[in-house]
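For reference, the chains in residue letters:
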Amino acid sequence: MQIAELSVLLVWGAATALTIALVAFAIDLGRRTEARAEAHAEARTPVAVGAASRPTRAPASTVPGAGDGASAPARRRAAGIAMSTTWLGTALLLAAIVLRGLAAGRTPWANMYEFTLVGSFMALAVFLGMNVRKDFKFLGAFVTGLSVLFLVLGLNVFYVAATGVQPALQNYWLVIHVGVAISATGIFTVAFVASVLQLVRDSRDSGSPYLQRPGFRWLDRVPTPTSLEALSFRLNAVGFVLWTFTIIGGAIWAEHAWGRYWGWDPKEVWSFVIWVVYAAYLHARTTRGWDGRRAAWFVIVGYLCVLFNFTGVNLIFNGKHSYSGLNTDTTGGA
């Protein structure tokens, strides 16, 4: 078996492991919700006449934070399986990326397929890193779900053979410029998930009839909209700094490769559009009081621009970065 074929198999293995993690995260979130509902029901149970003189306490198994109900062992198993399979899927994806680089003889992020792999890896790495110090498992089902979607799309739509790059682009800036862009994209992905959850949770808290149905009770286990907004803001601030360096590094690389810093190439223009959107979001939130739902929609628009820059610009427009699309003479997936 060739190295490139083994890389593809590892990507499929990573997608499978992450699918299991997705299901386990969903079970964990659901069981946390059921346990909380049971605890609230226990707290509302009326005290029998004659027993008021004796203080009562809910059993430890039904006190929130003390096991989250009788389903605590099952919930802990689901959470453990979810995190373990996420680590496994991330490790398999890393191995696939390394083997892809060995097969191509270069840094493995030079086309849309490879950018999809490494971008998904970065989103997963950000999520796992966040969980090292605090509990952000409520993001797990959504981050792993997006990662599985991206990996399957990469394998079935964006896949190209592992080859080298154009001589003019065989430069260390391929490692720096595209690598930083991928890191920013991974952070933007997790921030996007937080903002979407913020909007949904806020709609439920505002009394949306549709979101009051039992099937959406899991939203009670998601942090408040204010907390989610703060999380998204911190992530986007880091991502914005990295994206700023992406544009600067791209300009320096362009001068080395093509003899000009800026040429109004479609990829350059859309990268700048992304920068402007996130800069406007950070400015509006910190100085103009744009918070709540308006800030969340700003983040969603920014992330949609990131996705269009990755897909639409590569596939629709012709320019200096056309080689980043679905062909064998590839580079510059960012």
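Residues numbered from 1 in each chain as written. Predicted model: local features only at pLDDT ≥ 70, side-chain atom pairs only at ≥ 80, totals over all residues. Heavy atoms only, no water.

Colleague: Where do I start with the overall build of the protein chain in this structure?
Modeller: Looking only at helices and strands, the protein chain features nine helices and zero strands. Going from the N terminus to the C terminus, the protein chain shows its helices and strands as α-α-α-α-α-α-α-α-α. Classification of the 334 residues of the protein chain by burial places 49% in the buried group. Sequence separation of at least 24 residues holds for 79% of the intrachain contacts in the protein chain that already meet a minimum separation of 6. Of the roughly 15,600 Å² that the protein chain leaves accessible, carbon and sulfur atoms contribute 65%. (Helix = DSSP H or I, 4+ residues; strand = E, 2+ residues; numbered from the N terminus. Buried < 20%, exposed > 50% of the residue type's maximum accessible area, 1.4 Å probe, protein only. Contact = heavy atoms within 4.5 Å. Areas by Shrake-Rupley, 256 points an atom, 1.4 Å probe, with all protein chains shown as cover.)

Colleague: What's the story with the packing of aromatic side chains in this structure? I'm lost.
Modeller: Working definition: an aromatic ring pair is given by the centre-to-centre distance plus the angle between the planes. Under the defined criterion, the tally for this structure stands at 18 aromatic pairs. Ring geometry for Phe142 and Trp218: centres 5.7 Å apart, planes at 40°, overall tilted. In this pair, Phe142 sits in helix H4 (residues 140–158) while Trp218 sits in the loop between helix H5 (172–205) and helix H6 (225–258), placing the two residues 76 residues apart along the sequence. By the ring-pair criterion, three or more aromatic residues cluster together here, those being Phe240, Trp262, Trp264, Phe272 and Trp275. Geometry around Phe233 places Arg285 over its ring, the cationic atom sitting 4.4 Å from the centre. The residue whose ring lies beneath Arg294 is Trp290, and the NZ or CZ to ring-centre distance is 4.5 Å. (Phe/Tyr/Trp six-rings, centres within 6.5 Å; stacked < 30°, edge-to-face > 60°. Lys NZ or Arg CZ within 6 Å of the ring centre and 35° of its normal.)

Colleague: Can you walk me through helix H8 (residues 293–310) in this structure?
Modeller: Within an α-helix, residues lying three or four positions from one another point in the same direction, as the helix has 3.6 residues per turn. The first and last C-alpha atoms of H8 sit 26 Å apart over 18 residues, in line with the 26 Å expected at 1.5 Å per residue. Every buried residue of H8 is listed here: Ala295, Ala296, Val299, Ile300, Gly302, Tyr303, Cys305, Val306, Asn309 and Phe310. Taken together, the buried residues of H8 touch helix H3 (112–133), H4, H5, H6, helix H7 (266–287) and helix H9 (312–316). (Expected span 1.5 Å × (residues − 1).)

So far we have only geometry, and geometry alone does not tell us how the molecule works.
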